[in-house]
Each structure stands twice: as structure tokens, then as C-alpha cells.
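# Structure assessment
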Amino acid sequence: WENYLKQHRLKLEKESKIMNIEQLRKELEADEGVKKNDKGNHITYFCSENVVTGGIGHMITEWDDEKYLQVDVEIPDEQVSAWFDKDIETVIKDCEKLYDDFNYLPEEAQLIIANMMFNLGYPRLSKFVGMKSGVDNRDWNKAADEMIDSNWYKQVPNRAGRLVKRMRALHGSI
């Protein structure tokens, strides 16, 4: 098995690719939710953690324009896109830090991990040691089992359940 994995990873090195970012955007829009006003414009809001958020799950921080620190403030589409691009750049860097072969994983695994990274952030996702071991060994069922064995699974059961099901569907692939 070790030999097979080594040979397969060598083959995959030639097939490195990053996931479809538009697909990830669609998934995150659904999972994070977006808030819009009656005019159809994005607005800032309090997320489930009572933090001011805007666009596609973007947590407003002191680095953002202070006008967005209040709720119900309209956000131009260009700003939503800029936040998303910056957030995804961070997510991908964090995924590559956690999984040194991230770009060689199946695209579906990349999408699942990036979704979780967006939701949890590096500090929390890096504590999913059993899941990481499952992914590293391409044992998708173990990775899924470890996803279930977490507080995250209880906190966001719909999202987590979908991601677990998708992780299990990778079984039989490498």
C-alpha cells in the first residue's frame, strides 16, 4: 500500500491543480448565507457568533473600512468580491499549510477541506488530527468519521452532514 501511494503521488505531482473557485464560491454562498436588503444589495449583519459579517461570510475586522462595523450597511458587489477573493486566498494558503499536498488531492477533497477551513479557520481545523491522518492516507471514511467526532459537526449539522457525505463518496478513489 505504501508503495502504491508513493507511485500514485508521483503520478499526481504531474496533475497538480487547484479546485474550481467558482464552485467553492457557490458552496460557501449556500453554507455561509448572504444577507441582502429589499433592494437586493448585500448588507452587513450579525452572524451566529454575534460578529458583524458581510458579503459571503466575511468577518468584519478593524482592517476593514469602519463604515462596515455597523449592521445593515449596504456593501457594493465589488467590495463583496474583493473580500471573497482575499478570504479565499487566505483559505487556500492555510489549506496548503495544513496539507502539503493539498493541490494534489482530488478536487472534491479540496472543496470539502476549503469549505471547512473557511468555516473554522486554521487554528481550529488544524486540531482535526484524525481527519488529517485520514486525508493524508486517502482513507476517506476515516476522515469522515473524524469529521463526525467533533463539536463542529454538532454546531453546523446540515453543512457538516453534507460535507461528510461528500467525503465518504470519495471512497474508492485516490
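Residues numbered from 1 in each chain as written. Predicted model: local features only at pLDDT ≥ 70, side-chain atom pairs only at ≥ 80, totals over all residues. Heavy atoms only, no water.

## Topic: the nonpolar core
Ile113, Met116, Leu125, Met131, Val135, Met147 and Met167 are the most contacted members of the largest nonpolar core, which totals 43 residues. The set of elements that each furnish at least two residues to this core consists of helix H2 (21-32), helix H3 (77-98), helix H4 (107-120), helix H6 (129-136), helix H7 (140-148) and helix H9 (157-169). Broken down by element, the residue count for this core peaks at nine residues, all from H4. Leave out the neighbours within four places in its chain, and methionine 167 touches Ile112, Met131, Val135, Trp140, Ala143, Ala144 and Met147. (Core = buried A, V, L, I, M, F, W, Y, C linked by side-chain atoms within 4.5 Å. Buried < 20%, exposed > 50% of the residue type's maximum accessible area, 1.4 Å probe, protein only. Helix = DSSP H or I, 4+ residues; strand = E, 2+ residues; numbered from the N terminus. Contact = heavy atoms within 4.5 Å.)

## Details of the confidence of the model for the protein
Of the residues in the protein, 90% have a pLDDT of 70 or more, and the chain-wide mean is 91. Element-level mean pLDDT values for the protein span from 54 in helix H1 (residues 2-13) up to 98 in helix H5 (residues 122-125). (pLDDT = per-residue confidence, 0-100.)

## Concerning the packing of aromatic side chains
One pass over the structure, following the stated rule, counts two aromatic pairs. Taking the centre distance of 5.1 Å and the plane angle of 80° together, the rings of tyrosine 68 and tryptophan 83 count as edge-to-face. Within this pair, whereas tyrosine 68 is found in the loop between strand S4 (58-59) and strand S5 (74-75), its partner tryptophan 83 is found in helix H3, the two being separated by 15 residues in sequence. Each of the two residues, tyrosine 68 as well as tryptophan 83, counts as buried. When the centroid spacing of 6.2 Å and the interplanar angle of 75° are considered together, the rings of phenylalanine 128 and tryptophan 152 count as edge-to-face. (Phe/Tyr/Trp six-rings, centres within 6.5 Å; stacked < 30°, edge-to-face > 60°.)

## What about the sheet that holds S4?
Read across the sheet, three strands follow the order S2-S3-S4 without closing on themselves; strand pairing throughout is antiparallel. Since the sheet does not close on itself, it has two edges, and those belong to strand S2 (45-46) and S4, each with one partner. Pairing of S2 with strand S3 (residues 52-54), which is carried by two bridges, proceeds in the antiparallel orientation. Residue pairing across strands places tyrosine 45 opposite threonine 53, the latter belonging to S3. (Pairing = 2+ DSSP bridges.)

## Regarding the side chain of aspartate 94
Relative to the assigned elements, aspartate 94 resides in helix H3. Although buried, aspartate 94 forms no salt bridge, and the nearest oppositely charged side chain, lysine 97, lies 4.7 Å from it. Sequence-distant contacts of aspartate 94, that is, excluding residues within four places in its chain, are made with Met117 and Tyr122. (Lys, Arg positive; Asp, Glu negative; His and termini not counted. Salt bridge = Lys/Arg side-chain N within 4 Å of Asp/Glu carboxyl O.)

## Quick word on the pattern of salt bridges
Summed over the entire model, instances satisfying the criterion amount to 11 salt bridges. One salt bridge in this structure joins aspartate 31 and arginine 162, with 2.1 Å as the shortest N-O distance. Here arginine 162 lies in helix H9 and aspartate 31 lies in helix H2, a separation of 131 residues in the sequence. Taking relative accessible area as the criterion, arginine 162 reaches 43% and is therefore assigned partly exposed. Of the charged contacts in the structure, one is a salt bridge between glutamate 32 and arginine 159, with a shortest N-O distance of 2.9 Å.

## Quick word on the packing of H7 against H9
Direction vectors running N to C along H7 and H9 enclose 165°, while the axes themselves pass 8 Å from each other. When the interaxial angle is binned, H7 and H9 end up roughly antiparallel. As H7 runs across H9, the sense of the crossing is left-handed. Contact with H7, carried on its side by Trp140, Asn141, Ala143, Ala144, Asp145, Met147 and Ile148, involves Leu163, Val164, Met167 and Arg168 of H9 and no other residues of that element. (Axes fitted to C-alpha atoms, helices over the stretch in contact; angles between N-to-C directions. Parallel < 35°, antiparallel > 145°, perpendicular 65-115°, else oblique. Left-handed = near helix turned anticlockwise from the far one by under 90°.)

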